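Single-letter residue listing:
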Amino acid sequence: GAVVSQHPSWVICKSGTSVKIECRSLDFQATTMFWYRQFPKQSLMLMATSNEGSKATYEQGVEKDKFLINHASLTLSTLTVTSAHPEDSSFYICSAPLRLYNEQFFGPGTRLTVL
Amino acid sequence: GESVGLHLPTLSVQEGDNSIINCAYSNSASDYFIWYKQESGKGPQFIIDIRSNMDKRQGQRVTVLLNKTVKHLSLQIAATQPGDSAVYFCAENYGGSQGNLIFGKGTKLSVKP
């Protein structure tokens, strides 16, 4: 199956700093990638849809100026949490669908802890 | 709003028994459904999917049943093994595109040896 990687797998930062999370499709090209957030013992919530070469589409309630998404190539999307605060601490997961299929392949996730 | 819910938040089964995890969805326009397995600290792993023009699909040790009349989805795991212990999520896609997955709340499956 297709492989999606994320980097870093975990990060701890101070409040007010920015953190960048990378999502890569390793063996396929993805014109679309998705970013999810998952709080402990809760389900995945879609944050935004990342589109290669164009602006991301954000879900209602997600601040686009706080969660900056860049999809500069067909294999890489980045999520930058700007001016992070403790309430941004969460598990961030990306996914990418294979072309022609609806199946989404998920990355291993990035655990963000903001002190 | 639209949501995908689960009847059982936790399920404990004996190794070797069959497991059934249920899910109710609310959007009758959803046309694609997926079951994911998520182990602690990891991303979701695809298990099996089914489209709305089917009512049953089988994989290796897993079967998904779809009842559109009552908007119900279930995942059956045969001969449950300790490695099956995880949280299972159902997800629905009503957008017609490759995205717009709505995830259910999840069921934690614990397999007792």
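Being a predicted model, the structure only gives us computed values, none of them experimental.

In this section: the nonpolar core. The biggest cluster of nonpolar side chains holds 26 residues, and the ones touching the most others in it are Val4(A), Trp35(A), Phe67(A), Leu79(A), Tyr92(A) and Leu112(A). Elements with a contribution of two residues or more to this core: strand E2 (10–13), strand E3 (19–25), strand E4 (32–38), strand E5 (44–51), strand E7 (67–73), strand E8 (76–81), strand E9 (90–97) and strand E11 (110–114) of chain A. Residues within four places of Phe67(A) in sequence aside, it is in contact with Arg37(A), Met47(A), Tyr58(A), Val62(A), Leu79(A), Thr80(A), Val81(A), Asp88(A) and Tyr92(A). Membership of the second largest hydrophobic core comes to 20 residues, among which are Ile48(B), Ile50(B), Leu66(B) and Leu75(B).

All names here are of chain B. Within the secondary structure layout, His 72 lies in strand E8 (residues 72–77). His 72 sits 47 residues away from Tyr 25 along the chain, and the two C-alpha atoms are 6.2 Å apart. Among the polar contacts made by the side chain of His 72, one reaches the side chain of Asn 22 at a distance of 3.4 Å.

On to the sheet that holds strand E1 (residues 4–7) of chain A. The pairing of strands in a sheet happens through backbone hydrogen bonds and is either parallel or antiparallel. Residue and element names in this part refer to chain A. What the four strands build is an open sheet, ordered E1-E3-E8-E7; its pairing is antiparallel. The open sheet is flanked by E1 and E7, the only strands paired with a single partner. Pairs of neighbouring strands in the sheet enclose a mean axial angle of 20 degrees, with direction left out of account. The pairing of E1 with E3 spans four bridges and is classified as antiparallel.

Overall, the coordinates contain 10 aromatic pairs over all chains when judged by the stated rule. Judged by centre distance (6.4 Å) and plane angle (40 degrees), the ring pair of Phe67(A) and Tyr92(A) falls under tilted. Taken together, the residues Phe67(A) in strand E7 and Tyr92(A) in strand E9 connect sequence positions 25 residues apart. Residue Phe67(A) shares its accessibility class with Tyr92(A), and that shared class is buried. When the ring of Tyr25(B) is compared with that of Phe33(B), the centres are 4.6 Å apart and the planes differ by 50 degrees; the resulting orientation is tilted. What links up through ring pairs into an aromatic cluster is the set Tyr36(A), Phe106(A), Tyr36(B), Phe46(B), Phe89(B) and Phe103(B).

On to the pairing of E4(A). Residue and element names in this part refer to chain A. Along E4, seven of the seven residues are buried, which leaves the element largely enclosed by surrounding structure. On E4, burial covers both faces: Thr 32, Phe 34, Tyr 36 and Gln 38 on one face and Met 33, Trp 35 and Arg 37 on the other are all buried. When E4 meets E5, the two strands line up antiparallel, connected through seven bridges. Its bridge partner lying in E5, Thr 32 is registered against Asn 51.

Glancing now at the state of the cysteines. For the structure on display, the rule yields two disulfides over all chains. Note that Cys23(A) is cross-linked by a disulfide to Cys94(A), the S-S spacing being 2.0 Å. On the S-S bond that ties Cys23(A) to Cys94(A), the torsion sits near 80 degrees, and the link is right-handed. Within this pair, whereas Cys23(A) is found in strand E3, its partner Cys94(A) is found in strand E9, the two being separated by 71 residues in sequence. Residue Cys23(A) shares its accessibility class with Cys94(A), and that shared class is buried. Paired through a disulfide, Cys23(B) and Cys90(B) show a sulfur-sulfur distance of 1.9 Å.

Here is what the cut-offs are and how they apply
Residues numbered from 1 in each chain as written. Chains lettered and ligands numbered in written order. Predicted model: local features only at pLDDT ≥ 70, side-chain atom pairs only at ≥ 80, totals over all residues. Heavy atoms only, no water. Core = buried A, V, L, I, M, F, W, Y, C linked by side-chain atoms within 4.5 Å. Buried < 20%, exposed > 50% of the residue type's maximum accessible area, 1.4 Å probe, protein only. Helix = DSSP H or I, 4+ residues; strand = E, 2+ residues; numbered from the N terminus. Contact = heavy atoms within 4.5 Å. Polar contact = N/O pair within 3.5 Å; in protein donor to acceptor, adjacent residues only side chain to side chain. Pairing = 2+ DSSP bridges. Axes fitted to C-alpha atoms, helices over the stretch in contact; angles between N-to-C directions. Phe/Tyr/Trp six-rings, centres within 6.5 Å; stacked < 30°, edge-to-face > 60°. Disulfide = S-S within 2.5 Å.

None of the figures reported here should be taken as evidence of function without further support.
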